[in-house]
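Overview (structure and organization)
What follows is each chain in one-letter form.
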Amino acid sequence: MQNAPEAQRRVWRLKTASHEYEVIREFELDEEEAPQVVPLEELQREFDGWVRYSLNTLRGMLGAMDRVLPDLSPTEESRQLKRLLTEVFQSGRLVAFRRESRQPALGLFVKPAPPVPKDVVDAAVLAREPKPAQAPPARNVDVAQQDSCLGSAAQDGTPFCEVCDNIKRGITT
């Protein structure tokens, strides 16, 4: 194992939902890093996540290994990528390490709120103020007609709601 200069070292970062990996070519592996190499069996469990979260990185990484896929359906491409990944990691041409996630600080994405002008009223103050009394909405319900409809439905067994109808039909969900 030789020690490659840091400037020339090619590194790919691959992410899954829960882990992040750093992949390098085997000849760039430092002696101190050798014990940290993740075994192939563990990596194979991550291939689906890599295909889901780091597809373009995988294509570039395999291209650097002279492994290029033709245009394929997404399902076939996924299957072929997993096969090629197994080959290059099994042959030892690539090695991977689990790394701490490099999540950027939220401050990079969230801008501070602009200062609030003095003439703007705080929403909390407005919420504390009593609301004006409102008249109840007018009802245009014919109670006698509603009573007649519900009474006849109850006599002939017509269900009043979808759940009751499903129970009557024997449908349970």
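Glancing now at the sheet that holds strand β1 (residues 11-15). Taking strand neighbours across the sheet as the criterion, the three strands line up as β1-β2-β3 in an open arrangement whose pairing is antiparallel. Edge positions in the sheet fall to β1 and β3 (94-99), since each has one partner strand and no second. Sheet twist, expressed as the average angle between the axes of neighbouring strands with direction ignored, equals 30 degrees. Sheet topology places β1 next to strand β2 (residues 20-25); five bridges connect them, and they run antiparallel. Within β2, the position partnered with Arg 13 by the bridge is Glu 22. Running over the sheet, helix α3 (residues 55-64) touches β1, β2 and β3 and is turned about 145 degrees from β1.

Below, the discussion takes up helix α4 (residues 74-90). For α4, spanning 17 residues, the distance from its first C-alpha to its last is 24 Å, which sits close to the expected 24 Å at 1.5 Å a residue. Along α4, the residues classified as buried are Glu 77, Ser 78, Gln 80, Leu 81, Leu 84, Leu 85, Thr 86, Val 88 and Phe 89. As for α4, its buried residues are in contact with β2, α1 (40-44), α2 (47-53), α3 and β3. Phi turns positive, to about 85 degrees, at Gly 92, one or two residues after α4.

With that settled, consider the packing of aromatic side chains. Scanning all chains against the criterion turns up four aromatic pairs. Between Trp 50 and Phe 89 the ring centres are 6.0 Å apart and the planes differ by 45 degrees, which places this aromatic pair in the tilted class. Residue Trp 50 is located in helix α2, and its partner Phe 89 is located in helix α4; the two are separated by 39 residues in the primary sequence. The class of Trp 50 is buried, set by a relative accessible area of 0%. A relative accessible area of 8% places Phe 89 in the buried class. The structure contains a cluster of three or more aromatic residues connected by ring pairs, namely Tyr 21, Phe 47, Trp 50 and Phe 89.

What counts as what
Residues numbered from 1 in each chain as written. Predicted model: local features only at pLDDT ≥ 70, side-chain atom pairs only at ≥ 80, totals over all residues. Heavy atoms only, no water. Pairing = 2+ DSSP bridges. Helix = DSSP H or I, 4+ residues; strand = E, 2+ residues; numbered from the N terminus. Axes fitted to C-alpha atoms, helices over the stretch in contact; angles between N-to-C directions. Contact = heavy atoms within 4.5 Å. Expected span 1.5 Å × (residues − 1). Buried < 20%, exposed > 50% of the residue type's maximum accessible area, 1.4 Å probe, protein only. Phe/Tyr/Trp six-rings, centres within 6.5 Å; stacked < 30°, edge-to-face > 60°.

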